[in-house]
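Report on the structure
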Amino acid sequence: LDCGPFLLNYKRSEGAGPARFAVVAAKKSLPLAVDRNRAKRLARELFRTDPAAFAAGWEIVLVVRPGMLRRRLADLRKVFAEAARRIATPSAGPAA
């Protein structure tokens, strides 16, 4: 799911455990380790502050893009909440 400053890959897992979350910050998109670490901290904060965004059994992978570091945390929270809502509500399919 393309969210602008990051991508979300998601899958419903077999187990009924809590939602799992992973962050990928590629060296190719963020060459400096300081930037990669900051982006990962921001991503973990998004998931930590809104644990109910994804129901139990989801596996979420957030792929960081360089634009994530140029956004405020409040803006990222809005984008993350919207993405969680879009994932939770199944779509009717592609528009004709």
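Right above here is the structure, for reference.
None of these values were measured; they are calculated from a predicted model.

So, how was this worked out
Residues numbered from 1 in each chain as written. Predicted model: local features only at pLDDT ≥ 70, side-chain atom pairs only at ≥ 80, totals over all residues. Heavy atoms only, no water. Helix = DSSP H or I, 4+ residues; strand = E, 2+ residues; numbered from the N terminus. Rg over C-alpha atoms; globule rule 2.2 N^0.38 Å. Buried < 20%, exposed > 50% of the residue type's maximum accessible area, 1.4 Å probe, protein only. Contact = heavy atoms within 4.5 Å. Areas by Shrake-Rupley, 256 points an atom, 1.4 Å probe, with all protein chains shown as cover. Lys, Arg positive; Asp, Glu negative; His and termini not counted. Charge placed at Lys NZ, Arg CZ, Asp CG, Glu CD. Axes fitted to C-alpha atoms, helices over the stretch in contact; angles between N-to-C directions. Parallel < 35°, antiparallel > 145°, perpendicular 65-115°, else oblique. Left-handed = near helix turned anticlockwise from the far one by under 90°. Pairing = 2+ DSSP bridges.

**Section: the overall build of the chain**
A count of helices and strands for the chain gives 2 helices and 3 strands. N-terminal to C-terminal, the α/β element order of the chain is β-β-α-β-α. Over its C-alpha trace the chain gives a radius of gyration of 14 Å, about what one expects of a compact globule, namely 12 Å for 96 residues. A principal-axis box enclosing the C-alpha atoms of the chain has dimensions of 40 × 35 × 25 Å. A burial count over the chain gives 29% of its 96 residues as buried. Sequence-distant contacts, at least 24 apart, represent 83% of the contacts inside the chain between residues at least 6 apart. Accessible area for the chain stands at about 6200 Å²; split by element, carbon and sulfur atoms hold 55% of it. Distance between charge centroids for the chain: 5 Å, based on 19 positive and 8 negative side chains.

**Topic: the packing of helix α1 (residues 33-49) against helix α2 (residues 73-88)**
Running from N to C, α1 and α2 point in directions that differ by 60 degrees, and their axes come no closer than 10 Å. Classed by the angle they form, the pair α1 and α2 counts as oblique. The interaxial crossing formed by α1 with α2 has right-handed handedness. When α1 is examined against α2, the residues L42, E45, L46, F47 and T49 are found in contact with a partner set consisting of L73, L76, R77 and F80.

**As for the side chain of R36**
Summarising the element assignment, R36 is placed in helix α1. Beyond its immediate chain neighbours, meaning those up to four positions away, R36 contacts A25, A26, K27, L30 and P31.

**Concerning the sheet that holds strand β1 (residues 6-12)**
Pairing between the strands of a sheet comes from backbone hydrogen bonds, and it takes one of two forms, parallel or antiparallel. In space, the 3 strands of this open sheet follow the order β1-β3-β2, with mixed pairing throughout. Pairing within the sheet leaves two strands with one partner each, and these edge strands are β1 and β2 (20-24). Averaged over all adjacent pairs, the angle separating strand axes in this sheet is 15 degrees, with direction ignored. Note: β1 against strand β3 (residues 58-64), 7 bridges, orientation antiparallel. From the neighbouring strand, L7 faces β3, where its bridge partner is V63.

**Regarding the environment of A55**
Here A55 shows up in the loop between α1 and β3. Judged by its relative accessible area of 43%, A55 is partly exposed. Setting aside chain neighbours within four positions, we find A55 in contact with R12 and A19.

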